[in-house]
Amino acid sequence: MRFHLEASLRLSADAGAAEKAISDFIRDAGPILEKGAPEGQGAKITEWRLAKNRIDLVIDSDRYVRAHDALLRLRRPLSELLGKQYRIGVRGMDVTAFEIEVESDREIAHRIPYVREMRHEGGRLRLILDVGEGGTLGQSEIENRIPDRIVSLLEEKLEKGYGGKTEHWELLWESEKREPKFRADPTEEMQKAGWIKHGSARGQWIYGPQATHLFRTFEAIVLEEIIGPLGYQEMIFPKLDTWDVWKKSGHAQGVYPEIYFVCPPKTRDPAFWEEVMDYYKVTHEVPLELVKEKIDLPIGGMCYAQCPTFWGFLQGMTLPNGELPMRVFDRSGTSHRYESGGIHGIERVDEFHRIEIVWLGTKEHTLEEAEKLKGCYKHIFEDILELTWRTAWVTPWFMAQEGKTGLSEMTGAGTVDYEAILPYNGNWIEFQNLSVNGEKYPKGFTVKAQSGEALWSGCSGVGLERWASAFLSQKGLDPSNWPEEFRRRFGEMPKGIRFL
Ligand SMILES: Nc1ncnc2c1ncn2[C@@H]1O[C@H](COS(=O)(=O)NC(=O)[C@@H](N)CO)[C@@H](O)[C@H]1O
Ligand SMILES: [Zn+2]
């Protein structure tokens with residue numbers, strides 16, 4: 001990676017008298033320009049000239065000391081030198097040319113902010129930044145690390161480009177193979193039995209009384225085996241996520257392809273919408289292009305990960321030591337994801353129902369709580385649902401949902417996926433997960449501990465459609481085939497709704 005920067009330091013007066021001093025300073029500036037770089041690497045001033053009240057500099061560098069950092073390093077000692085002996089101030093700096101060049105086997109087709117032009121030639125990608133007269137990248141952008149964010153973006157793309165790290169999956173534990181009582185597709189069976197019907201939206205179902213009772217029994221098990229014994233308090237997390245929440249949770253980095261965006265009306269004044277209503281009344285068609293003109297930009301989207309909106313409750317606060325570890329959960333509404341094409345059955349839907357369990361405390365608290373939850377889950381899947389299931393150490397959901405791969409650098413942080421086999425097609429599906437998310441959320445939402453210790457958090461998402469898929473595909477819809485412990489909790493099968 002190479003940087004080429006041309007910039008001028010604006011001075012408060014003609015510095016002709018200081019020319020010798022400036023020349024000596026630049027001659028001896030090596031240590032400043034190479035600090036932190038390996039031997040012989042770093043930045044170099046390849047040209048300079050004093051033009052009365054301006055010092056024009058050309059700086060070339062490698063990735064170890066970026067040219068714009070070199071410029072920032074020079075400013076203070078130079079202004080001290082000129083200030084003390086010559087009473088001349090450095091008023092500011094003007095960047096007149098700035099290029100970043102990097103090895104790359106491919107080009108970037110779309111625009112990147114603050115980049116005027118990109119050229120891909122001879123296996124190298126050259127970014128000409130938008131500086132100088134009328135440019136968007138100036139002194140304050142440099143001071144606000146914009147060039148560094150462009151470099152990070154490039155590094156991320158190049159790493160992904162070289163197929164850097166892939167989705168991590170490592171088996172942790174697997175249960176005994178329990179003979180399946182059933183080998184059909186549970187979704188088809190539930191449709192035949194009138195338990196569920198397609199909703200009108202993509203990947204959406206309407207759950208009849210039987211399926212709903214099944215979901216509520218799963219919920220009751222979670223309440224009885226986890227929430228009660230471990231002392232979780234129920235909360236209601238908002239289900240419309242704003243960009244502000246997704247900036248803090250990291251989703252704003254990469255969740256766009258799967259979001260159901262939410263756009264408010266430009267105004268709620270009925271007169272503004274009369275044209276739409278009239279059009280519909282006459283044609284019985286909704287004039288979507290007209291509606292599109294009358295709705296505002298998206299304020300965010302439907303609930304995606306479920307836990308991010310909880311953190312607004314703690315944002316900016318300091319938690320007394322006695323409050324930790326804190327344990328809460330939410331089951332107040334649906335999550336929505338624009339899932340990939342092959343949507344089949346209830347195991348992968350666009351609208352789903354999840355119990356989101358969240359805990360936070362010191363790192364020890366958080367890891368300890370995770371182990372307690374794992375014990376509870378094992379009891380549920382071994383002794384109540386009697387599943388054939390396994391757990392795997394995977395790329396953390398909070399990285400995957402930012403478009404990243406590999407594993408978290410924070411030791412102990414990461415995601416355990418719970419998977420169950422579906423006998424009808426032999427696939428293993430993830431029916432829930434349990435994650436230690438490290439400092440990410442407390443940091444993202446500036447939550448502190450009275451003790452000053454780093455706050456960690458964890459979360460576990462229990463997907464009810466997935467539990468139903470796992471359980472029904474292994475045990476079928478007939479309660480006489482269900483494990484006694486589950487049947488007891490399920491009780492009476494609801495009458496359901498019949499059709500002629
Ligand atoms: N498209 C989907 N259909 C049904 N259930 C889903 C879907 N996407 C996720 N889930 C359920 O939600 C659980 C957690 O989703 S996750 O993305 O892996 N993790 C998170 O979002 C975390 N915030 C924990 O909920 C999954 O294990 C699964 O049980
Ligand atoms: Zn979560």
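Residues numbered from 1 in each chain as written. Chains lettered and ligands numbered in written order. Predicted model: local features only at pLDDT ≥ 70, side-chain atom pairs only at ≥ 80, totals over all residues. Heavy atoms only, no water.

Enquirer: Before we go on, may I ask you to explain helix 1 (residues 19-27) in this structure?
Expert: Three or four residues apart is the spacing at which side chains of an α-helix point the same way, because the helix has 3.6 residues per turn. Here helix 1 has its buried residues at Ala21, Ile22, Phe25 and Ile26. For helix 1, the angular spread of the buried residues around the axis is 130°, confining them to a single face. Opposite its buried face, helix 1 presents the exposed residues Lys20 and Arg27, each directed more than 90 degrees away. On the buried face of helix 1, the contacting elements are helix 2 (30-34), strand 2 (43-50), strand 3 (54-61) and helix 3 (67-86). (Buried < 20%, exposed > 50% of the residue type's maximum accessible area, 1.4 Å probe, protein only. Helix = DSSP H or I, 4+ residues; strand = E, 2+ residues; numbered from the N terminus. Arc of directions from axis to C-beta. Contact = heavy atoms within 4.5 Å.)

Enquirer: Where do I start with the site of ligand 1 in this structure?
Expert: In the region of ligand 1, 18 residues are neighbours, and Glu339, Val349, Glu356, Gln401 and Glu430 sit closest. The separation between a nitrogen atom of ligand 1 and a polar main-chain atom of Val349 is 2.8 Å. Take Gln401: an N or O atom from its side chain is 2.8 Å from an oxygen atom of ligand 1. Burial of ligand 1 by the surrounding chains reaches 96%, relative to a free accessible area of 570 Å². For the shell around ligand 1, the elements supplying multiple residues, two or more each, are strand 17 (351-361), strand 20 (427-438) and strand 22 (456-463). Broken down by element, the residue count for the shell around ligand 1 peaks at four residues, all from strand 20. Its residues assigned to classes, the shell around ligand 1 comprises seven nonpolar, five polar and six charged. (Near = heavy atom within 4 Å. Polar contact = N/O pair within 3.5 Å; in protein donor to acceptor, adjacent residues only side chain to side chain. Areas by Shrake-Rupley, 256 points an atom, 1.4 Å probe, with all protein chains shown as cover. Nonpolar A, V, L, I, M, F, W, Y, C, P; charged D, E, K, R; others polar.)

Enquirer: Would you mind going over the nonpolar core with me for this structure?
Expert: In a soluble, globular protein the nonpolar side chains are often hidden away together inside. Within the largest apolar cluster, 52 residues are counted, with the highest numbers of intra-cluster contacts made by Ile226, Ile357, Tyr377, Phe381, Leu385 and Phe486. Per element, the largest residue contribution to this core is nine residues, and it comes from helix 7 (residues 209-230). Among residues more than four places away in sequence, those in contact with Ile357 are Val222, Ile226, Ile227, Tyr232, Val328, Phe329, Leu373, Tyr377, Gly458, Cys459, Ser460 and Val462. Membership of the second largest hydrophobic core comes to 50 residues, among which are Ala21, Ala29, Ala37 and Ala43. (Core = buried A, V, L, I, M, F, W, Y, C linked by side-chain atoms within 4.5 Å.)

Enquirer: Please clarify how the coordination of the zinc ion (ligand 2) should be interpreted in this entry.
Expert: In an ideal tetrahedron of four donors about a metal, each angle is 109.5 degrees. In an ideal octahedron of six donors, the angles are 90 or 180 degrees. With distances of 1.9 to 2.4 Å, the protein atoms coordinating the zinc ion (ligand 2) are Cys307 (SG), Glu356 (OE) and Cys459 (SG). Between the four donor atoms coordinating the zinc ion (ligand 2), the angles at the centre fall across 104 to 118°, so the site counts as tetrahedral. Read in sequence order, the donor residues coordinating the zinc ion (ligand 2) give the pattern C-x48-E-x102-C. Here the residue Cys307 occupies a position in the loop between strand 13 (300-302) and strand 14 (318-319), and Cys459 occupies one in strand 22, the gap between them amounting to 152 residues. For the pair Cys307 and Cys459, one class covers both residues: buried. (Donors = N, O, S within 2.8 Å, 3.2 Å for Na, K, Ca; no water. Tetrahedral: all angles 85-135°; square planar, octahedral: opposite > 155°, others 65-115°.)

Enquirer: Help me understand the side chain of Gln306 in this model?
Expert: Residue position: Gln306 is located in the loop between strand 13 and strand 14. Assessed through its relative accessible area of 0%, Gln306 is described here as buried. A distance of 2.8 Å separates polar atoms of two side chains, one belonging to Gln306 and the other to Arg354. With residues up to four places along the chain from it excluded, the contact list for Gln306 reads Phe237, Lys239, Asp330, Arg331, Ser335, Arg354 and Glu356.

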